[in-house]
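Now for the letters of each chain:
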Amino acid sequence: MYYNRDQQPILPTVAASVSVRIQFCKHLLNGPTIGRGKVHFKSRILLLFALTGNGGEEHSGFARFCTNDILHSGMQQHVATLQEEATVVSERMRVRLSRRSAIREAFERAGVLARTHGADNVFDLSIGNPTAPCPAGVAAALKETAALPDEPNMHGYMDSAGYSDVRDAMAASLKARFGIDYTTEDIVMTTGAACALNIVMQTLLDPGDEIIVFRPYYPAYEAFALNWDARVVKVPYCRETMLPDVSRLDEAFSPRTKIVLVNTPNNPSGLVYPHAVAEAIAHAAERAQQAFSHDIYVVSDEPYRELLFDSAQNPQWPLLYNNTFTVYSFSKSASISGERIGYVAMAPGLNDKQIIRQGLCRSLGDLGFVNAPATAQRMAKHCVDSFADLAQYDRNRIALYEALCSVGFSPVKPNGAFYMLLPAPDGNEQAFVDRLLAENIVVVGGGEFGCPGYVRLSFCVSAKTIDAAIPHFACVAHSYGLNATSESSSALETSSALEASATPSAPEASMPTAPVASAVPVATAAPCICPQKETTHHE
């Protein structure tokens, strides 16, 4: 326990960290068993308020009042236990535990709703968990593993970089498909793309180095940077296209810049960077590299590389910039996200490749991965040129986009991945999330991705889920007073406008505004199924 100068026990509000207060509140709300029964309701409410205070001097009187109530309810030992637990984890981990992932929270919320209302009545568009059937290569790899002779090294260690025949297959595929002259030694197999990003960062970064990212971005990038005490510098997007504002590139670089982290097709926007945007990024990195007289690396995170629509073509960064790492995962392209398999490919023109390769392999051991899983590597070899059928995702993409437009929303039409951004009609992201949740539609707020005022929709679900959700979207549109039309404006320009976005344009706004865009043919969405509901029902 902690005590004040009067030797009175002090609540976590005054003496402990935010994470302790959060944990303690959760215990209270769950009604923990203490002594002979549940905590008295009054105690739980008082503590809830006390524990969410700021711990300042003005709060201490109320905290002491609540402490007295704790003592009478037999909870003092519980407080002591929680405060003792708080010293177990590091300060860095306490900070992380206090900042839960909005994506994971939404996913868990969907599970609670499904148990309450039934899975068929909940529309979970929160998480990018692939549902397309795995390509035949996955089953073939499992059969191959089962048929292998029962030898001691069948599932044993291999070279840290992975099986040489698997790396051969990765290099040969990249060379054949993209015209980049990779060799076996350029490939390091990894436990997914997250592992790949972290071993690249450990190899390249010193504390205080900077990583440039482009809004909107995958929020885990910030967590990965924190692992290596690096600073994240965020380049804004153009409000007209949701693509990087290339007029702001040069100001993002500094003498501490070490990595330019790109992600296309993009999570959360689903947009593919046009060649002109990619070229502008590469040129800016080259200018900075010369200006600061040290290597700057482009790290291309490409888990959605195969998920392309409307004839989109993903940039090939090694053809634009020599100091490039390509990070890849089979999670999305082969629908094996739980198997955790991917690789790092070092561009043929990468400087100091030998020592960097040694660093990547050493990092696999340092971080506890050791090597990529043996059976998953065999899966990767079999799936290197065969992918999950994209027809399901494309069908969902078109159906959802056209339905949203037809009821008055202005979604950003994706041409890659399986995500779509939807601006809140009034710019209030949280209110929009809540209105959707009232209709059992679970999404993630755009603030998590650096684009406040939007929500992200994940359409890698069944067609049945998308179709069933559409009338509920119509209901939310009705609550905002949006006009349903047979043709509606999109928040994304045509492909020619995307190419033109490489020219300087307005930086991102604090709240999204729907840009002028070409009309697109849309299907008529199912009518609102809850016309009797008033707008105030959602607020």
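Residues numbered from 1 in each chain as written. Predicted model: local features only at pLDDT ≥ 70, side-chain atom pairs only at ≥ 80, totals over all residues. Heavy atoms only, no water.

Below, the discussion takes up helix 7 (residues 102–117). Helix length check: helix 7 (16 residues) gives 22 Å between terminal C-alpha atoms against 22 Å at 1.5 Å per residue, within 8%. For helix 7, the set of buried residues is Ile103, Ala106, Ala110 and Leu113. On an axial view of helix 7, the arc spanned by its buried residues comes to 80 degrees, and they lie on one face. Facing away from the buried side of helix 7, by more than 90 degrees, are the exposed residues Arg115 and Thr116. Tucked into the core, helix 7 has its buried residues touching strand 3 (123–124), helix 16 (429–438), strand 12 (441–442), strand 13 (444–445) and strand 14 (454–458). Positioned one or two residues after helix 7, glycine 118 has a phi angle of 95 degrees, which is positive. (Helix = DSSP H or I, 4+ residues; strand = E, 2+ residues; numbered from the N terminus. Expected span 1.5 Å × (residues − 1). Buried < 20%, exposed > 50% of the residue type's maximum accessible area, 1.4 Å probe, protein only. Arc of directions from axis to C-beta. Contact = heavy atoms within 4.5 Å.)

Core analysis: the largest hydrophobic core is formed by 40 residues, its most contacted members being Ile212, Phe214, Met242, Leu249, Phe253, Val260 and Ile281. Of all the elements in the fold, those that place two or more residues in this core are helix 7, strand 5 (210–214), strand 6 (231–235), strand 7 (257–262) and helix 12 (275–292). For this core, the element with the most residues is helix 12, which contributes 8 residues. One finds Ala388, Met420, Phe432 and Ile466 within the second-largest nonpolar core, a separate group that totals 39 residues. (Core = buried A, V, L, I, M, F, W, Y, C linked by side-chain atoms within 4.5 Å.)

Right, let's talk about the packing of helix 9 (residues 164–178) against helix 14 (residues 374–383) for a bit. As a packed pair, helix 9 and helix 14 sit with axes 9 Å apart at the nearest point and diverge in direction by 30 degrees. Accordingly, the angle class assigned to the pair helix 9 and helix 14 is roughly parallel. Both helix 9 and helix 14 take part in a crossing whose hand is left-handed. Contact with helix 9, carried on its side by Asp165, Val166, Ala169 and Met170, involves Gln377, Ala380 and Lys381 of helix 14 and no other residues of that element. Looking at the contact of helix 9 with helix 14, its residues break down into 4 nonpolar, 1 polar and 2 charged. (Axes fitted to C-alpha atoms, helices over the stretch in contact; angles between N-to-C directions. Parallel < 35°, antiparallel > 145°, perpendicular 65-115°, else oblique. Left-handed = near helix turned anticlockwise from the far one by under 90°. Nonpolar A, V, L, I, M, F, W, Y, C, P; charged D, E, K, R; others polar.)

Of the positions making up helix 16, those classed as buried are Glu429, Phe432, Val433, Arg435 and Leu436. Around the axis of helix 16, the buried residues are gathered within 165 degrees of arc, so they sit on the same side. Buried residues in helix 16 make contact with strand 11 (419–423), strand 12, strand 13, strand 14 and helix 17 (463–479). The residue sitting at the N-terminus of helix 16 and contributing the capping side-chain oxygen is asparagine 428; that oxygen lies 3.4 Å from the backbone nitrogen of glutamine 430. A positive backbone phi angle near 65 degrees is found at asparagine 440, which sits one or two residues after helix 16. (Polar contact = N/O pair within 3.5 Å; in protein donor to acceptor, adjacent residues only side chain to side chain.)

With that settled, consider the sheet that holds strand 6. Pairing in this open sheet of 7 strands is mixed, and the strands run 4-10-9-8-7-5-6 from one edge to the other. Only two strands of the sheet have a single partner each, and these edge strands are strand 4 (187–190) and strand 6. Shown here is a sheet whose adjacent strand axes are inclined to one another by a mean of 20 degrees, direction ignored. Across 4 bridges, the pairing between strand 4 and strand 10 (residues 342–346) is antiparallel. Bridge assignment links isoleucine 187 to a residue of strand 10, and that residue is alanine 345. Contacting strand 4, strand 8 (297–301), strand 9 (324–329) and strand 10, helix 13 (residues 353–366) crosses the sheet at an angle of about 160 degrees to strand 10. (Pairing = 2+ DSSP bridges.)

Attention now moves to the sheet that holds strand 11. Read across the sheet, 3 strands follow the order 11-14-13 without closing on themselves; strand pairing throughout is antiparallel. Either end of the sheet is taken by a strand with one partner, and the two such strands are strand 11 and strand 13. In the sheet, strand 13 pairs with strand 14 via 2 bridges, with the strands oriented antiparallel. Across the sheet, residue glycine 445 finds its bridge partner in strand 14, namely valine 455.

With that settled, the discussion passes to a nonpolar patch on the surface. Where nonpolar side chains cluster on the molecular surface, the patch consists of Val88, Val89, Met93 and Leu97 and spans about 350 Å² of accessible area. Relative to the elements of secondary structure, leucine 97 occurs in helix 6 (residues 91–97). Relative accessible area serves as the criterion here: at 49%, leucine 97 is assigned to the partly exposed category. (Patch = residues over 30% accessible without salt bridge, like charges linked within 9 Å, V, L, I, M, F, W, Y side chains within 5 Å. Areas by Shrake-Rupley, 256 points an atom, 1.4 Å probe, with all protein chains shown as cover. Salt bridge = Lys/Arg side-chain N within 4 Å of Asp/Glu carboxyl O.)

Our focus in this paragraph is the pairing of strand 11. Most of strand 11 is tucked away: 5 of the 5 residues are buried. Residues Tyr419, Leu421 and Pro423 point to one face of strand 11 and Met420 and Leu422 to the other, with burial holding for every one of them. Two strands pair when backbone bridges link them, and strand 11 and strand 14 are joined in this way by 5 bridges, in the antiparallel orientation. Within the sheet, the bridge partner assigned to leucine 421 lies in strand 14 and is arginine 456.

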